[in-house]
Amino acid sequence: AVFYNSLANLETGDLSWSLLGAMAACKAAVHMLTCVVSYFGVHKKNRIGAVGLFAIFTTQSNDVALGVPLISATLGEKYTPYIFLLAPVQLLVLNLVSLVMLELNVQKRQQQQQHHHHQQQPHHHSHHRLRDHASDDLKDEEEEEEEEEEEEAAAASPQYDAGAPRPKTLAQTAWAIFKRMIR
């Protein structure tokens, strides 16, 4: 209610657009710096998604809950609308970039899984001899056994335990995604 009331009563003529631009630029700089640093610090397998997630973590702080009391106490009430105006910049620009990175990571993983699935499909041609078929079948059985062992190991891990409580908050969900990405 405070957020909407403040924005509804805001007079844009009283705003210092250079101050708002500077605040947005600082937030964008933190976002970009996080992207660059995390790009080189994350395993290549999930790099794009992890970069986007880290950027959201560093810039999607609780600006309103922490910023309003701090700005009000240090600079006065007339500067609190800047915090409220900065939130849409965060949501429309910075989060959009990070969410696109997360989506690119999902698409990349899906393509890798499809590619891996197509490589595992046996190719049977009528001119193969019986020995070749037996060899292919043996390889397929070995690959299936390895996949089953991997699935059993994943199911045995606490992270994939079906009886484990599911995350209830956005922060818990993000933390679970983060832990999977850094593996």
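We now turn to the structure provided with this report. Remember, predicted model here, so these are calculated numbers, not experimental data. (Residues numbered from 1 in each chain as written. Predicted model: local features only at pLDDT ≥ 70, side-chain atom pairs only at ≥ 80, totals over all residues. Heavy atoms only, no water.)

**Side note on helix H3 (residues 47-59)**
Here is step 1: Between the first and last C-alpha of H3 there are 18 Å, a value that for 13 residues agrees with the 18 Å anticipated at 1.5 Å per step.
Here is step 2: Along H3, 10 of the 13 residues are buried, which leaves the element largely enclosed by surrounding structure.
Here is step 3: Of all the positions in H3, only Arg47, Gly49, Ala50, Val51, Gly52, Leu53, Phe54, Ala55, Ile56 and Thr59 are classed as buried. (Helix = DSSP H or I, 4+ residues; strand = E, 2+ residues; numbered from the N terminus. Expected span 1.5 Å × (residues − 1). Buried < 20%, exposed > 50% of the residue type's maximum accessible area, 1.4 Å probe, protein only.)

**A closer look at the nonpolar core**
Here is step 1: Grouped together as the largest cluster of nonpolar side chains are eight residues: Val42, Ala50, Leu53, Phe54, Ile56, Leu102, Phe178 and Met181.
Here is step 2: Of all the secondary-structure elements, those providing two or more residues to this core are H3 and helix H7 (170-181).
Here is step 3: For this core, the element with the highest residue contribution is H3, accounting for four residues. (Core = buried A, V, L, I, M, F, W, Y, C linked by side-chain atoms within 4.5 Å.)

**Focus on the packing of aromatic side chains**
Here is step 1: Counted by the stated rule, this structure contains two aromatic pairs.
Here is step 2: Relative to phenylalanine 40, the ring of tyrosine 39 lies with its centre 5.2 Å away and its plane at 90°, an arrangement referred to as edge-to-face.
Here is step 3: On the basis of an interplanar angle of 25° and a centroid distance of 5.9 Å, the ring pair of tyrosine 79 and tyrosine 82 is categorised as stacked.
Here is step 4: Under the relative-accessibility criterion, tyrosine 82 is labelled buried at 3%.
Here is step 5: Positioned above the aromatic ring of tyrosine 39 is the side chain of arginine 47, whose terminal nitrogen or guanidinium carbon lies 4.5 Å from the ring centre. (Phe/Tyr/Trp six-rings, centres within 6.5 Å; stacked < 30°, edge-to-face > 60°. Lys NZ or Arg CZ within 6 Å of the ring centre and 35° of its normal.)

**Overview of helix H5 (residues 80-120)**
Here is step 1: Taking 1.5 Å of rise per residue, 41 residues should cover 60 Å, and H5 covers 59 Å from first to last C-alpha, within 8% of that figure.
Here is step 2: Asparagine 95 marks the point of greatest bend in H5, at about 40°. (Bend = angle between axes of the 7 residues up to and from the residue.)

**Quick look at the pattern of salt bridges**
Here is step 1: Summed over the entire model, instances satisfying the criterion amount to one salt bridge.
Here is step 2: Close ionic contact of lysine 27 with aspartate 63 constitutes a salt bridge, the shortest N to O distance being 2.3 Å. On the criterion of sequence distance, the pair formed by lysine 27 in helix H2 (residues 17-41) and aspartate 63 in helix H4 (residues 63-74) is long-range, its members being 36 residues apart.
Here is step 3: Residue class for lysine 27 comes out buried when judged on its relative accessible area of 13%. (Salt bridge = Lys/Arg side-chain N within 4 Å of Asp/Glu carboxyl O.)

**Quick word on the side chain of asparagine 105**
Here is step 1: Within the secondary structure, asparagine 105 is located in helix H5.
Here is step 2: On the basis of relative accessibility, which here comes to 4%, the residue asparagine 105 falls in the buried class.
Here is step 3: The contact partners of asparagine 105, leaving out residues within four places of it in the chain, are Lys45, Asn46, Arg47, Ile48, Gly49 and Met181. (Contact = heavy atoms within 4.5 Å.)

**Some points on the packing of H2 against H5**
Here is step 1: Relative to each other, H2 and H5 sit at 30°, their axes nearing to 10 Å. Considering their axes alone, H2 and H5 lie roughly parallel with respect to each other. The element H2 and its partner H5 pack so that their crossing is right-handed. In contact with Leu19, Leu20, Met23, Ala24, Lys27, Ala28, His31 and Cys35 of H2, H5 contributes Tyr82, Leu85, Leu86, Val89, Gln90, Leu94, Val97, Ser98 and Met101.
Here is step 2: Split by residue class, the contact of H2 with H5 holds 13 nonpolar, three polar and one charged. (Axes fitted to C-alpha atoms, helices over the stretch in contact; angles between N-to-C directions. Parallel < 35°, antiparallel > 145°, perpendicular 65-115°, else oblique. Left-handed = near helix turned anticlockwise from the far one by under 90°. Nonpolar A, V, L, I, M, F, W, Y, C, P; charged D, E, K, R; others polar.)

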